[in-house]
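# Summary of structural features
Each chain, letter by letter, is given below.
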Amino acid sequence: MLGNKIIRLLSAAAPIGMIIWIFLNPITYGTGDLTKITLISTGINEIMRGIGLSLELSPAKTIEFIFFTEYFIFGLTLMITTKIFCEKTLKNIFFPLFTGLFTSVILVYDKYKNYGISYGIDSIMVMFEGVAIGILLFLLIDFVSSGFSLKKSSGKSKYRKGR
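Residues numbered from 1 in each chain as written. Predicted model: local features only at pLDDT ≥ 70, side-chain atom pairs only at ≥ 80, totals over all residues. Heavy atoms only, no water.

## Looking at the pattern of salt bridges
The final tally for this structure, using the stated rule, is 4 salt bridges. For arginine 49, the salt bridge is made with glutamate 56, and the minimal N-O distance between the two is 2.9 Å. Where lysine 83 meets aspartate 142, a salt bridge forms, and the shortest distance between an N and an O atom there is 3.3 Å. Taken together, the residues lysine 83 in helix α3 (residues 59-85) and aspartate 142 in helix α5 (residues 121-145) connect sequence positions 59 residues apart. The structure contains a network of salt bridges with shared partners spanning Glu46, Arg49 and Glu56. (Salt bridge = Lys/Arg side-chain N within 4 Å of Asp/Glu carboxyl O. Helix = DSSP H or I, 4+ residues; strand = E, 2+ residues; numbered from the N terminus.)

Structure follows, in structure tokens:
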């Protein structure tokens, strides 16, 4: 009983922690140190050359990659929370999709209003794509782990009290 409450608490805290991380990440402010972004970009380019890819990431694309990665993890945490609080994840998929889109729009608005940084609709799309791919990966893993079964579940989560 106590274990279920701890799991529910942690699953609710994970997306909130990701939102705090996303809003406080100094790399995405644009006013941050460009040398850090260039250093990250150089590191990613070296890794890609090491595995045989000839792509080059500019600092602007590195920021978009960081956005995508943050929102990918955010989408996964939202789906874990949805799975724990409601067993039927496909029926309740609107919550993580809306939350991901809303958070990305609010982040862009916050950066524009408080820091004068204008990201644009393409950055919102990159962020939302991260959430959507995180959600799709979770659904794929959930589908495979359920034994490729599409049968209807009971609708009750093992972490919720019976109704």
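## Considerations on the packing of helix α2 (residues 34-50) against α3
The geometry of a pair of packed helices is captured by two quantities: the angle between their axes and the separation between those axes. One can describe the packing of α2 onto α3 by two numbers: an axis separation of 9 Å at closest approach and a directional angle of 85°. Our classification of the angle between α2 and α3 gives roughly perpendicular. Together, Leu34, Ile37, Thr38, Ile40, Ser41 and Ile44 of α2 and Pro59, Thr62, Ile63, Phe65 and Ile66 of α3 make up the contact between the two elements. Each residue belonging to the contact of α2 with α3 can be placed in one class, and the counts come to 8 nonpolar, 3 polar and no charged. (Axes fitted to C-alpha atoms, helices over the stretch in contact; angles between N-to-C directions. Parallel < 35°, antiparallel > 145°, perpendicular 65-115°, else oblique. Contact = heavy atoms within 4.5 Å. Nonpolar A, V, L, I, M, F, W, Y, C, P; charged D, E, K, R; others polar.)

## Here we look at the environment of serine 58
Tracing the sequence through the fold places serine 58 in the loop between α2 and α3. Looking at serine 58, the relative accessible area reads 31%, which means it is partly exposed. Considering only alpha carbons, one finds serine 58 and serine 41, 17 residues apart in sequence, at a separation of 6.5 Å. (Buried < 20%, exposed > 50% of the residue type's maximum accessible area, 1.4 Å probe, protein only.)

## Structural notes on helix α4 (residues 94-115)
Look at α4: 31 Å from first C-alpha to last across 22 residues, which is about the 32 Å you get at 1.5 Å a residue. Of all the residues in α4, the buried ones are Pro96, Thr99, Gly100, Thr103, Ser104, Leu107, Val108, Asp110 and Lys111. Buried residues along α4 cover an arc of 160° about the axis, so they all sit on one side. Among the exposed residues of α4, those oriented more than 90 degrees off its buried face are Phe94, Tyr112 and Lys113. (Expected span 1.5 Å × (residues − 1). Arc of directions from axis to C-beta.)

## Observations regarding the packing of aromatic side chains
For the structure shown, the criterion picks out 4 aromatic pairs. Their ring planes at 15° and their centres at 6.4 Å tell us that phenylalanine 68 and phenylalanine 72 sit as a pair that is stacked. One end of the pair, phenylalanine 68, and the other, phenylalanine 72, are both in helix α3, 4 residues apart, so they sit about a helical turn from each other. When its relative accessible area of 23% is taken as the criterion, phenylalanine 68 is described as partly exposed. Ring centres of tyrosine 71 and phenylalanine 74 lie 6.1 Å apart, and the angle between their planes is 90°; on these two criteria the pair is classed as edge-to-face. Taken together, the positions of tyrosine 71 and phenylalanine 74, both in helix α3 and 3 residues apart, correspond to about one turn of that helix. Residue phenylalanine 74 is classed as buried on the basis of its relative accessible area of 0%. In textbook terms, an aromatic cluster arises when at least three aromatic residues are bridged by ring pairs, as seen for Phe94, Phe98 and Phe102. (Phe/Tyr/Trp six-rings, centres within 6.5 Å; stacked < 30°, edge-to-face > 60°.)

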